[in-house]
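Residue-level structure breakdown
If you want the building blocks of each chain, they are given just below.
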Amino acid sequence: MLASLLAMGLMSFGVQAEAATTKHRTKHVQHAQAKHGKTSARKTRTEAAEAGSASFGQAYGLHRTTDPLALKSSVALVLDQDTNEVLFSKNSQAVLPIASLTKLMTTLVVVEAHQPLDDVLTVTEDDVDTEKNSSSRLAVGTRLTREEMLHLALMASENRAAHALGRYYPGGLPAFVQAMNKKAQELGMTSTRYVEPTGLSSNNQSSAPDLAMLVKTAYNYPLLREFSTSQEYQVAVGSRQVQFHNTNGLVRNHSWDIGLQKTGYIAEAGRCLVMQARMAGRKLIMVFLDSAGKYSRLADAERVRHWIESEGNRKQASLSSRVAS
């Protein structure tokens, strides 16, 4: 089946990956959200808990959708950054929690606000996670520059750093969340909603096409590209020097040419990943949502890369054969 789809070309492949059952489930997701709003979100969380801490995607049955690459992510989208051509699509219209992918919008809003990067921000009790009770290496009282907070939020997905960035926005956290949603509207991210800047809330939700648009926009900022793809970063936390590492192991893989990336995880969202990367002579944007398994989102990205590169090699071989004849 995969061989025949590859022969039909990249665009046809994306169309074939959208099975009829996928469309039905996606329609169910969107209908439920439109009809019930906040009540639906609360109901879905309850249903997920009853399913044994299942993600929203699992509760909706999206994981049962098959695709030719056997991806573990229940939602996937791959498109050409320059032409917007869709190369691969799986449940791409589903609207799901996005976890720390939220921080890509958080940092974009901060950068576009042109707040001084050398301003010193202090971590307070307000930045402590009471949603998931997650841990942090930034103790209350830690003082870092806005630039350092941006770096840690993108590279290491530091929740307290992201929250502090929003809190220090003009008008405080409410104004910051409003700015996040306003930016989403400006970009045409019609399926996206933010309620806080870290991604710890499952009410931060989006779709794969919306996230692809966010990646494409964020890529325009060299600072976001640099911070999201750096392998490690060290900051002073009190009297100690603390080393942080990138949450995406692919940035340390020399087989990849990654221009921008962000990972995310909460139980309701599953493992998530967005990336901009060069492969087979093209700049591609990849979105993977609700992947099951700690490393499965990275494995899905590898599966897509191998497919893209093999397709590119096949086309090159075909072209060379025609020239030779």
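Now for a look at the structure at hand. Bear in mind that the values here come from a model prediction, so they are computed numbers and not experimental data.

Procedures and definitions
Residues numbered from 1 in each chain as written. Predicted model: local features only at pLDDT ≥ 70, side-chain atom pairs only at ≥ 80, totals over all residues. Heavy atoms only, no water. Axes fitted to C-alpha atoms, helices over the stretch in contact; angles between N-to-C directions. Helix = DSSP H or I, 4+ residues; strand = E, 2+ residues; numbered from the N terminus. Parallel < 35°, antiparallel > 145°, perpendicular 65-115°, else oblique. Left-handed = near helix turned anticlockwise from the far one by under 90°. Contact = heavy atoms within 4.5 Å. Buried < 20%, exposed > 50% of the residue type's maximum accessible area, 1.4 Å probe, protein only. Pairing = 2+ DSSP bridges. Salt bridge = Lys/Arg side-chain N within 4 Å of Asp/Glu carboxyl O.

Our next topic: the packing of helix α6 (residues 146-155) against helix α7 (residues 159-167). Packed helices, taken two at a time, are described by the angle their axes make and the gap between the axes. With their axes 8 Å apart at the nearest point, α6 and α7 run at an angle of 135° to one another. Comparing the axis directions of α6 and α7 gives the class oblique. Here α6 runs over α7; the crossing is left-handed. Counted together, R146, M149, L150, L152 and A153 of α6 and A161, A162, A164 and L165 of α7 form the full contact between these two elements.

Attention shifts here to the pairing of strand β1 (residues 73-80). Of all eight residues in β1, eight are buried; the element is thus mostly enclosed. Two strands pair when backbone bridges link them, and β1 and strand β11 (residues 282-291) are joined in this way by seven bridges, in the antiparallel orientation. Looking across to β11, one finds that D80 is bridged to L284. Summarising the sheet, β1 and strand β2 (residues 86-90) pair through four bridges and their orientation is antiparallel. Each bridged residue has a counterpart across the sheet, and for L79 the counterpart in β2 is V86. Between β1 and β2, which pair antiparallel in sequence order, lie five residues; one of them, N84, sits at a positive phi of approximately 65°.

Scanning the entire structure with this criterion turns up 13 salt bridges. Between E85 and R282 there is a salt bridge whose closest N-O contact spans 2.9 Å. Of this pair, E85 sits in the loop between β1 and β2 while R282 sits in strand β11, placing them 197 residues apart in sequence. E85 gets classed as partly exposed once you look at its relative accessible area, which sits at 26%. For R282, a relative accessible area of 22% gives the class partly exposed. Note that K183 and E186 form a salt bridge whose closest N and O atoms lie 3.8 Å from each other. Residue K183 and its partner E186 are located together in helix α8 (residues 172-186), separated by three residues, close to a single helical turn. Here the salt bridges do not stand alone but share partners, grouping D80, E85 and R282 into one network.

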